[in-house]
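# Secondary and tertiary structure notes
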Amino acid sequence: MSISVAIIGAGPSGFYAAEALIRAGLDCRIDFIEALPSPFGLIRSGVAPDHQNIKAVVRAYERTAEDDHVAYYGNVKVGEDISLEQLRRFYDAVVVATGAPFDRSLDIPGGDLPGVYGSAAFVGWYNGHPDHQDLEPSLDSEQVCVIGQGNVALDIGRVLVKTADEMAGSDLPEYAARTIHGAKIRLVTLFGRRGPAEAKFTNSELKELFKLSDCVPRLDPAVIPDRPPDDLDERGRRAKARNLDSFRGFAAVDKPQAAKVLRFEFFAMPVEVLGEKRVTGVRFERTRLEQGRAVGTGEFFVYACGTVVAAIGTRAKPLDGLPFDKRRGVVINCKGRVAEGLYVVGWAKRGPIGVIGTNKSDADTLPALLDEDLSNKRKPGRGALEAWLTEQRTRWISYEDWQAINATEIDAAEGEAPRKKLYRIKDMLAVLGRDAQSARQASHDHGA
Ligand code: NAP
């Protein structure tokens with residue numbers, strides 16, 4: 001009898017886990033359990049809408065989803081529709097691949113004022129994530145503050161300064177396009193508590209800013225060091241040197257007619273969000289580096305703005321029955337093993353570090369862990385899951401259901417857009433044109 005594997009979460013780390021198990025030639029049946037109707041996690045809801053080239057990785061995931069070993073159960077929330085404990089009773093192996101979807105909070109006075117948003121919520125909003133589509137961020141002032149200097153901060157800055165024409169080939173939902181392109185934003189500043197050599201941007205993302213049609217990147221050239229820090233390895237030094245070159249290039253860009261500015265402000269640590277009923281500005285303390293760490297200099301300044309987006313990292317999702325490191329925001333594990341028959345991969349294991357492909361290495365170690373742990377006794381797997389969900393009247397989405405939703409989105413696309421995203425769960429379910437669950441209930445009752 002095949003090994004039954006449940007993968008919780010159908011994002012990149014879940015797909016790489018499934019692919020690794022199939023590639024290892026394991027006799028297994030793999031079931032994805034995904035909270036949303038739609039698969040692909042961060043690729044659909046995290047990667048920026050104008051980065052369609054990155055989103056193209058889903059073609060590989062689609063091949064995995066269509067493999068005979070694999071089934072998809074979307075719209076099933078672990079912790080609500082079924083518990084982790086039940087899944088462990090039903091499946092030989094349960095793999096947690098739920099990513100790091102929760103924002104780290106900006107732990108300073110005023111950090112929870114209206115007008116302050118976490119990057120996961122903000123990015124989810126402009127990507128049509130069902131949990132965030134109703135965020136309605138206020139973008140009604142000329143200056144926006146983005147805290148953090150990683151790729152997420154850069155994505156947010158770029159999406160806010162691109163014109164409607166530049167976003168035409170994206171899948172930015174129309175409600176977000178209306179808000180962003182109707183806003184009176186003139187200046188978006190990305191604040192880093194350390195310097196240009198410490199900023200975490202990757203260079204291909206930085207270089208995109210040279211091509212902006214109506215925005216100019218700016219920074220104070222005096223803060224750009226001549227060369228990267230000596231304590232990096234050769235690869236790290238080369239990557240940082242490329243970034244420093246790009247920063248020098250920004251300082252030389254001459255585009256006087258540009259309506260917007262995307263500014264990088266270094267050595268600035270946020271200490272207080274100002275405002276009474278809503279944000280009016282952020283107070284920063286100037287910093288200097290001591291052994292690579294930012295320390296305050298006692299000099300302060302205020303940046304006036306009506307919107308703050310904190311792009312300072314995210315945390316994994318705790319689940320009942322899963323040991324959790326609250327400080328780091330990750331699932332406690334030993335090289336991917338949480339307990340016998342329970343594993344974790346991707347950002348839930350490592351934290352939000354690395355690019356999409358980095359998740360492959362977690363997945364590669366999974367077949368060996370299963371091999372070490374599993375006896376010859378087999379659990380019922382898929383049959384038990386379907387019986388449970390049917391009994392609970394949980395309206396799960398099969399992969400064929402998702403393909404119908406996907407085709408509807410693609411058919412509805414206008415102009416150069418690749419799709420018109422459905423961003424409410426009820427609209428996704430409505431596409432199916434029938435009560436999917438009662439149809440399944442009937443077939444189950446008839447022993448099909
Ligand atoms: P990140 O790369 O870790 O950047 C987080 C930023 O927030 C850093 O500048 C960090 O500064 C700053 N920060 C953290 N806590 C802070 C605080 N309390 N006050 C002020 N600043 C603070 O995280 P990310 O941007 O969320 O990206 C997550 C991962 O996704 C990264 O590996 C990234 O490369 C990847 N990603 C890739 C792409 C792409 O390839 N196109 C796009 C998006 C995301 P310090 O450095 O001083 O800690």
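What the 3 strands build is an open sheet, ordered β11-β12-β13; its pairing is antiparallel. Looking at the sheet topology across the chains shown, the edges are occupied by β11 (268–274) and β13 (293–304). Going across the sheet, the axis of each strand differs from the next one's by a mean of 25°, ignoring polarity. Bridging between β11 and strand β12 (residues 281–290) involves 6 bridges; their strand directions are antiparallel. Within β12, the position partnered with Pro-270 by the bridge is Phe-284.

As a further point, take the site of the ligand. Gln-149, Arg-193, Arg-194, Glu-205 and Gly-354 are the nearest of the 21 residues found near the ligand. One nitrogen or oxygen atom from the side chain of Arg-194 is found 2.9 Å from an oxygen atom belonging to the ligand. Protein coverage of the free-state accessible area of the ligand, which is 920 Å², stands at 80%. In terms of residue count, the dominant contributor to the shell around the ligand is helix α7 (residues 151–161) (3 residues). A breakdown of the residues in the shell around the ligand according to their chemical character gives 10 nonpolar, 6 polar and 5 charged.

Looking at the element boundaries, Ser-38 is found in the loop between β2 (28–33) and α2 (41–45). Taking C-alpha positions, Ser-38 is 29 Å from Val-308, a pair spaced 270 residues apart along the chain. Ignoring any residue separated from it by four or fewer positions in sequence, one finds Ser-38 in contact with Arg-44, Tyr-72, Trp-402 and Met-428. In this structure the side chain of Ser-38 is engaged in a polar contact, spanning 3.5 Å, whose partner is the side chain of Arg-44.

All right, on to the packing of helix α6 (residues 119–126) against α7 then. For the pair α6 and α7, interaxial distance at closest approach is 11 Å and the crossing angle is 40°. The pairing of α6 with α7 is recorded here as oblique in orientation. When the axes of α6 and α7 are compared, the crossing they make is left-handed. Each of Ser-119, Phe-122, Val-123 and Tyr-126 in α6 lies in contact with α7, whose residues at this interface are Val-152, Asp-155, Ile-156, Val-159 and Leu-160.

A few words on the nonpolar core. Core analysis: the largest hydrophobic core is formed by 44 residues, its most contacted members being Tyr-126, Phe-247 and Phe-264. Elements that contribute at least two residues to this core include exactly α6, β7 (143–147), α7, α8 (174–182), β8 (187–191), α10 (234–252) and β10 (260–265). It is α7 that provides the largest number of residues to this core, a total of 6 residues. Discounting chain neighbours no more than four positions away, the residues touching Tyr-126 are Pro-49, Asp-155, Ile-156, Val-159, Leu-172, Pro-173, Ala-176 and Ile-180. Core analysis: the next-biggest nonpolar cluster, separate from the first, contains 39 residues, Ile-30, Ala-93, Leu-366 and Leu-422 among them.

Tallied over the full model, the rule gives 24 aromatic pairs. With a centroid separation of 4.9 Å and an interplanar angle of 75°, the aromatic rings of Phe-191 and Tyr-303 are classed as edge-to-face. On the criterion of sequence distance, the pair formed by Phe-191 in strand β8 and Tyr-303 in strand β13 is long-range, its members being 112 residues apart. Residue class for Phe-191 comes out buried when judged on its relative accessible area of 2%.

Taken in spatial order, the 6 strands of this open sheet run β3-β2-β1-β4-β19-β18, and their pairing is mixed. Looking at strand neighbours, the two that pair on one side only are β3 (70–73) and β18 (337–339), the edges of this open sheet. Averaged over all adjacent pairs, the angle separating strand axes in this sheet is 25°, with direction ignored. Examined bridge by bridge, β2 and β3 share 4 bridges and lie parallel to one another. By the bridge assignment for β3, Asp-31 is matched with Ala-71. Lying on the sheet, helix α1 (residues 12–23) is in contact with β1 (3–8), β2, β3 and β4 (93–96); it crosses β2 at an angle near 175°.

Turning to helix α4 (residues 58–65), its buried residues are Val-58, Tyr-61, Thr-64 and Ala-65. In a view along the axis of α4, the buried residues occupy a sector of 105°, so they form one face of it. Facing away from the buried surface of α4 by more than 90 degrees, the exposed residues are Arg-59 and Arg-63. Where the residues of α4 are buried, they touch α1, α2, α3 (52–55), β3 and α15 (399–411).

Right, let's talk about the pattern of salt bridges for a bit. Per the counting criterion, the structure on display carries 26 salt bridges. Put simply, Arg-158 and Asp-155 hold a salt bridge, and the shortest N to O gap is 3.2 Å. Of this pair, Arg-158 and Asp-155 both sit in helix α7, 3 residues apart, which is roughly one turn of the helix. The exposure classification of Arg-158 matches that of Asp-155, with both residues buried.

A separate point is the confidence of the model for the protein chain. In the predicted model, the protein chain carries a mean pLDDT of 94, and the fraction of residues at 70 or more is 97%. Counted against residues more than four places away or in other chains, residues 437–448, with its pLDDT under 50, gives 15 contacts.

Rules used throughout
- Residues numbered from 1 in each chain as written.
- Predicted model: local features only at pLDDT ≥ 70, side-chain atom pairs only at ≥ 80, totals over all residues.
- Heavy atoms only, no water.
- Pairing = 2+ DSSP bridges.
- Helix = DSSP H or I, 4+ residues; strand = E, 2+ residues; numbered from the N terminus.
- Axes fitted to C-alpha atoms, helices over the stretch in contact; angles between N-to-C directions.
- Near = heavy atom within 4 Å.
- Polar contact = N/O pair within 3.5 Å; in protein donor to acceptor, adjacent residues only side chain to side chain.
- Areas by Shrake-Rupley, 256 points an atom, 1.4 Å probe, with all protein chains shown as cover.
- Nonpolar A, V, L, I, M, F, W, Y, C, P; charged D, E, K, R; others polar.
- Contact = heavy atoms within 4.5 Å.
- Parallel < 35°, antiparallel > 145°, perpendicular 65-115°, else oblique.
- Left-handed = near helix turned anticlockwise from the far one by under 90°.
- Core = buried A, V, L, I, M, F, W, Y, C linked by side-chain atoms within 4.5 Å.
- Buried < 20%, exposed > 50% of the residue type's maximum accessible area, 1.4 Å probe, protein only.
- Phe/Tyr/Trp six-rings, centres within 6.5 Å; stacked < 30°, edge-to-face > 60°.
- Arc of directions from axis to C-beta.
- Salt bridge = Lys/Arg side-chain N within 4 Å of Asp/Glu carboxyl O.
- pLDDT = per-residue confidence, 0-100.

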